[in-house]
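Chain by chain, the residues:
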Amino acid sequence: MPVPVLEQIRDEMLCLPGVGASVMEISHRSDPFLAIQEDAKQRLIRLLGVPQTHEVLFLQGGSRLQFSMIPMNLLRGQSLAAKYLVTGTWGKSAYDEAIKEGPVDLVWDGKATNYDRLPEPSIWDQIGSGSYLHVTSNETIQGVQFQDLPGMPACPLVCDSSSDFLHRPVDVSRYGILYACAQKNAGPAGVTVLVIEKGLLQRSQKDLPGYLSFRNHAENDSMWNTPPTFAIYALGLVAKWLEETVGGLEAMLTRNQKKARRLYDVVDRYPQLYQGHAQTSCRSLMNVTFRLPSAEVEKAFLKGAQEAMLDGLKGHRSVGGIRASIYNAMPEEGVETLACYMEQFAAHHG
Ligand SMILES: *Cc1c(COP(=O)(O)O)cnc(C)c1O
């Protein structure tokens, strides 16, 4: 979370200005909260340039619920299979849920090379018709990212953008659904943003359980049940920070590119010591992943990092190694501290 946002939350915790109560105490249907939710929505619409053809929904259940909700809404009752591009752990999890719902084609799977790369751009032309194509823009665990969408499939494009949401401008009109849980790049856990092309809402079948229907949420302005009010409030403040302090997503991208370049430069300067996981062409701007030559050196690296107050660098338990997550809110100074530590470590162990 950006520190100025945390400070504002602290200052307003007991009493929202002009309201006389905490955001956690007021009704979700009260005017002050309706204004907070609308403000968060409008800020997302402005930041991303969401066109009139699309709706913004605030949901719960994280991205994992979307792994199920998306096929339930978009695949159920359709004649064509869904298509999945699996570029890492999260894409695989999305696929595993989708196959419970209906026919799914696994178009590409990077497992053979341990998810260190993306498919060739030409694959986009080979994806024929389907009920939709699901991709993961940034594989959080492997650190593999689509820098741009290399093509357009013949069917609606559905993208899990959980770990790179709002990190750069995107052309929302190209997506049938763009979704992200907030807790990586956009706010605290508890709210999931779903930007959906309005035409797709017609696919939600009437007999879906109420909470699981996109159409239901859209018809009720994300208020069919009590939305996660605090998380939406905090997400709105992060969006405000992006607009007013950072200066928009283009400026955010410049910052993110600079931060990532600083770390990858160190990785590339000491290739014997730091073995990057992702192939150079698809390195993530959000999650920098690499291994050290042995478990002992890795342990020493992590111990020294802890002493330098650098926390959270241990790679995901499923793949090991080191992972530096440098989301939007990570300041350049934090990245600089890590880069300097890596250089010092290399001087002793290189
Ligand atoms: C974290 C993450 C998820 C899972 O999100 P939950 O909110 O825990 O369900 C899904 N996809 C990606 C790309 C993620 O980074």
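Every chain is numbered on its own, with residues counted from 1 as its sequence reads. Predicted model: local features are reported for residues with pLDDT of at least 70 only, side-chain atom pairs are reported and counted for 80 or more only, and whole-chain, interface and lining totals are derived from all residues. In computing side-chain properties, one takes all heavy atoms of the structure into account and sets aside hydrogens as well as water.

Caption draft 1: Focus on the domain arrangement of the protein. In this document the domain limits rely on a domain assignment from an automatic tool or a database. The domain boundaries assigned to the protein delineate domain 1 (3–246) and domain 2 (249–349). Contacts between the two partners involve 29 residues from domain 1, matched on the other side by 25 residues from domain 2. As used here, buried area is the combined drop in accessible area, with a 1.4 Å probe, of two parts when they are placed together. Summing both partners gives a buried area of about 2300 Å² for domain 1 against domain 2, and 57% of it is carried by carbon and sulfur. Area buried by domain 1 at its contact with domain 2 is led by Ile141, His167 and Val246, which between them contribute 23% of it. The definition of a polar contact used here is a pair of N or O atoms within 3.5 Å, where within protein one atom must be able to donate a hydrogen and the other to accept one, and adjacent residues in sequence count solely through side-chain atom pairs. Counting across the domain 1 and domain 2 interface gives 14 residue pairs in polar contact (both at pLDDT 80 or more). Secondary structure follows DSSP: runs of H or I at least 4 residues long count as helices, runs of E at least 2 residues long count as strands, and numbering of each begins at the N terminus. Those elements giving two or more residues to the side of domain 1 that touches domain 2 turn out to be α2 (31–48), β6 (144–145) and α7 (229–246). Looking at the side of domain 1 that touches domain 2 element by element, the count peaks at 4 residues for α7. Two residues qualify as a contact provided that any one of their heavy atoms is within 4.5 Å of a heavy atom in the partner residue.

Caption draft 2: Focus on the layout of surface pockets. In this structure, the largest pocket encloses a volume near 420 Å³. Buried and open spaces are told apart on a 1 Å grid over the protein atoms alone, a cavity being a set of points where a 1.4 Å probe fits but cannot get out and a pocket being an open set with protein on both sides within 12 Å along at least five of seven lines. Residues with an atom within 4 Å of a point are the lining residues. Lining of the largest pocket is provided by 24 residues; of these, Ser325, Ile326, Tyr327, Ala329 and Met330 occupy positions nearest its centre. At the level of elements, α7, β12 (322–325) and α10 (332–349) are the ones that each hand at least two residues to the lining of the largest pocket. Residues are sorted three ways: Asp, Glu, Lys and Arg are charged, Ala, Val, Leu, Ile, Met, Phe, Trp, Tyr, Cys and Pro are nonpolar, and all the rest, Gly among them, are polar. When its residues are assigned to classes, the lining of the largest pocket shows 15 nonpolar, 7 polar and 2 charged. Grid points are joined across faces, edges and corners, and a volume is the space filled by probe spheres set on the points.

Caption draft 3: Here's a closer look at the environment of Ala182. Here Ala182 lies in the loop between β8 (177–181) and β9 (192–197). Along the chain, Ala182 and Gly247 lie 65 residues apart, while their C-alpha atoms are 20 Å from each other. Among all residues touching Ala182, those that are not within four sequence positions of it are Gly187, Pro188, Val191 and Leu235.

Caption draft 4: Spatial organisation of the environment of Ala346. Here Ala346 is to be found in helix α10. Expressed as a C-alpha distance, the spacing of Ala346 and His28, which sit 318 residues apart in the sequence, is 53 Å. In this structure Ala346 touches Tyr270, Leu273 and Tyr274, once residues within four positions along its chain are discounted.

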